[in-house]
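# Breakdown of the fold
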Amino acid sequence: MDLRVFTEPQQGATYETLLRVAKAAEDLHYGAFFRSDHYVHMGSVDGLPGPTDAWITLAGIARETSRIRLGTLMTAGTFRLPGVLAIQVAQVDQMSGGRVELGLGAGWYEAEHTAYGIPFPKEKFGRLEEQLAVVTGLWATPVGERFTFDGTYYQLKDSPALPKPAQSKVPVLIGGHGARRTPALAARYADEFNIPFASVADTEQQFGRVRAALRQAGRKTDELVYSNALVACVGRTDSEVRRRADAIGRNVDELKANGLAGSPAEVVERIAQYQAVGSQRMYLQMLDLDDLDQLDLIAAEVTPQLD
């Protein structure tokens, strides 16, 4: 089981805070540092000092780290044109020495679009499908050849399809709860399928749909990594768990029911339940980015007990 750190900077974080978390995650041998891609906070927090851009952040962190992998859950397809996104991700991959992964989703939070003047199209899923075709097509085009795409939403003509990422294949993550179109899209483009904030039962059902879609597409079911994203709230004692839950405005019982919460032993047992239905990777949603002690605790007392 690969444990990765997943942050939500729109809730309130500076670049310096994110860099500190990423460096701590690298030092503690987590598999990756990921961040969301949002421009407006959610819930009762004030979001101060304001948003940071996902790919600008990852570019900076790429130059300040050396081992940890970097990526997004998920880049909002509505924020960027696919040709521009392909350039951005390829450049950050070069800057990192080949450590980038691209999670790409359709975009969903209308308020952040209206807040910053970003168009919020009605048909988002069809656009996402074309974005995936464009981004992966640009990267896969051999140097010296041209890429052309004539879609409903995006048209590219005689693109030089440059620059190329440092990796021969940047891993692409697709995720969600959709029962039909999402598994089919993952079967066509994904290297990893992620289901966020889902129960064990819902995880098992969705992984089954993805495997069925892979077989229908002529791919082997083990070609993908299957992963979850769940909020983490781990403490050595009940009072420490409660303190951490209070710090993020959540209830302990709710966190234990819907996330990875409790003592290290409880969290190990909970992760094992997801592992039993096929999960191979866990993104730990860390909502209190000043609490680096929790990262240390998980690395010291949870990770060593996982297969």
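Per chain, residue numbering runs from 1 following the sequence as it is written. Local features in a predicted model are, by the rule used here, given only for residues with pLDDT of at least 70; side-chain atom pairs are given and counted only at 80 or more, and totals for whole chains, interfaces and linings are based on all residues. Hydrogen atoms and water are omitted, and side-chain values are computed over all heavy atoms in the structure.

### Describing the overall build of the protein chain
The helix and strand tally for the protein chain stands at eleven helices and twelve strands. Its C-alpha atoms give the protein chain principal-axis dimensions of about 60 × 45 × 35 Å. Counting the 307 residues in the protein chain, one finds 56% classified as buried. The contact rule is simple, with two residues in contact once any of their heavy atoms fall within 4.5 Å. Looking at the protein chain alone, contacts between residues at least 24 apart form 73% of all its contacts between residues at least 6 apart. As displayed, the protein chain has an accessible area near 13400 Å², and 50% of this comes from carbon and sulfur atoms. In this tally, Lys and Arg are treated as positive and Asp and Glu as negative; His is ignored, and so are the chain termini. All charge positions are set by atom: Lys at NZ, Arg at CZ, Asp at CG, Glu at CD. Taken together, the 32 basic and 39 acidic charged side chains of the protein chain have centroids lying 6 Å from each other. Here a helix means four or more residues in a row that DSSP labels H or I, a strand means two or more in a row labelled E, and each is numbered from the N terminus. Only protein chains enter the accessibility calculation, which uses a 1.4 Å probe; a residue whose area is less than 20% of its type maximum is buried, one above 50% is exposed, and one in between is partly exposed. Every accessible area reported is derived by Shrake-Rupley at a probe size of 1.4 Å, with residue values counting cover from the shown protein chains alone.

### Quick word on the side chain of glutamate 101
Secondary-structure assignment places glutamate 101 in strand 5 (residues 100–105). Among the residues examined, glutamate 101 registers a relative accessible area of 4% and is labelled buried. Polar contacts, as counted here, are pairs of nitrogen or oxygen atoms within 3.5 Å of one another; within protein the pair requires one atom able to donate a hydrogen and one able to accept it, and residues that are adjacent in sequence qualify only if both atoms are side-chain atoms. For glutamate 101, the side chain forms a polar contact with the side chain of arginine 4, separated by 2.9 Å.

### Let's talk about unusual backbone geometry
Note the cis peptide between leucine 48 and proline 49, where omega equals 10 degrees. Tracing the backbone through its elements, the reader meets proline 49 in the loop between strand 2 (32–35) and helix 2 (54–64). Residues leucine 162 and proline 163 are joined by a peptide bond in cis, for which omega reads 0 degrees. One can find proline 163 in the loop between strand 7 (155–159) and strand 8 (172–175). One non-glycine residue, aspartate 158, lies in the positive phi region at around 50 degrees.

### So, the side chain of glutamate 130
Counting through the fold element by element, glutamate 130 comes out in helix 5 (residues 125–140). The salt bridge criterion pairs a side-chain nitrogen of Lys or Arg with a carboxyl oxygen of Asp or Glu, the two atoms within 4 Å. Despite its burial, glutamate 130 pairs with no opposite charge, the nearest such side chain being arginine 127 at 7.4 Å. A polar side-chain atom of glutamate 130 sits 2.9 Å from the main-chain amide nitrogen of tyrosine 153. Ignoring anything within four residues of it in the chain, the contact list for glutamate 130 reads Phe149, Gly151, Thr152, Tyr153 and Tyr154.

### Overview of helix 6 (residues 181–189)
Residues of helix 6 that are buried include every one of Thr182, Pro183, Leu185, Ala186, Ala187 and Tyr189, and no others. Contacts made by the buried residues of helix 6 are with helix 5, strand 8, strand 9 (192–196) and helix 7 (200–216).

### Some words on the layout of surface pockets
Residues are said to line a cavity or pocket when one of their atoms sits within 4 Å of a point; the points come from a 1 Å grid over protein atoms alone, cavities being sets where a 1.4 Å probe fits but cannot get out and pockets being open sets with protein on both sides within 12 Å along at least five of seven lines. Grid points are joined across faces, edges and corners, and a volume is the space filled by probe spheres set on the points. The computed volume of the largest pocket comes to approximately 1200 Å³. Lining the largest pocket we find 42 residues, and of these Glu8, His38, Trp108, Phe197 and Gln285 sit closest to its centre. Secondary-structure elements contributing two or more residues to the lining of the largest pocket are strand 4 (75–76), strand 5, helix 5, strand 8, helix 6, strand 9, strand 10 (225–234) and helix 9 (252–258). Per-class residue counts for the lining of the largest pocket are 20 nonpolar, 16 polar and six charged. Here the term charged refers only to Asp, Glu, Lys and Arg, the term nonpolar to Ala, Val, Leu, Ile, Met, Phe, Trp, Tyr, Cys and Pro, and the term polar to all other amino acids, Gly among them.

### Focus on the pairing of strand 12 (residues 281–286)
Summarising burial for strand 12: six of the six residues are buried, a large majority. Should DSSP find at least two bridges between two strands, the strands are regarded as paired. The pairing of strand 1 (residues 2–7) with strand 12 spans six bridges and is classified as parallel. Its bridge partner lying in strand 12, arginine 4 is registered against tyrosine 283. Pairing between strand 10 and strand 12: five bridges, direction parallel. Pairing of alanine 229 across the sheet is with tyrosine 283, part of strand 12.

### Topic: the packing of helix 2 against helix 3 (residues 82–96)
Orientation is described by axes fitted as lines to C-alpha atoms, over the contacting stretch for helices, and by angles from 0 to 180 degrees between their N-to-C directions. At a minimum axis separation of 8 Å, helix 2 and helix 3 run at an interaxial angle of 15 degrees. With respect to helix 3, the axis of helix 2 lies roughly parallel. Handedness of the helix 2/helix 3 crossing: left-handed. Mapping the contact onto sequence places Trp55, Leu58, Ala59, Ala62 and Arg63 in helix 2 and Leu85, Val89, Val92, Met95 and Ser96 in helix 3. Of the residues belonging to the contact of helix 2 with helix 3, the class tally is eight nonpolar, one polar and one charged. An angle below 35 degrees is treated as roughly parallel, one above 145 as roughly antiparallel, one from 65 to 115 as roughly perpendicular, and anything else as oblique. The crossing is said to be left-handed when, going from far helix to near helix, the turn is anticlockwise and less than a right angle, and right-handed when the turn is clockwise.

### With respect to the packing of helix 5 against helix 6
Interaxial distance between helix 5 and helix 6 falls to 11 Å at its minimum, and their mutual angle equals 5 degrees. On the basis of the axis angle, helix 5 is roughly parallel to helix 6. For the pair formed by helix 5 and helix 6, the contact residues are Phe125, Gly126, Leu128, Glu129, Leu132, Ala133 and Thr136 on the first element and Arg181, Thr182, Leu185, Arg188 and Tyr189 on the second. Partitioning the contact of helix 5 with helix 6 into residue classes produces six nonpolar, three polar and three charged.

### Notes on the environment of alanine 54
Mapping alanine 54 onto the fold places it in helix 2. Residues alanine 54 and alanine 115 lie 61 residues apart in sequence; the distance between their C-alpha atoms is 17 Å. When neighbours within four sequence positions are excluded, alanine 54 is seen to be in contact with Arg35, Ser36, Asp37, Thr72 and Arg80.

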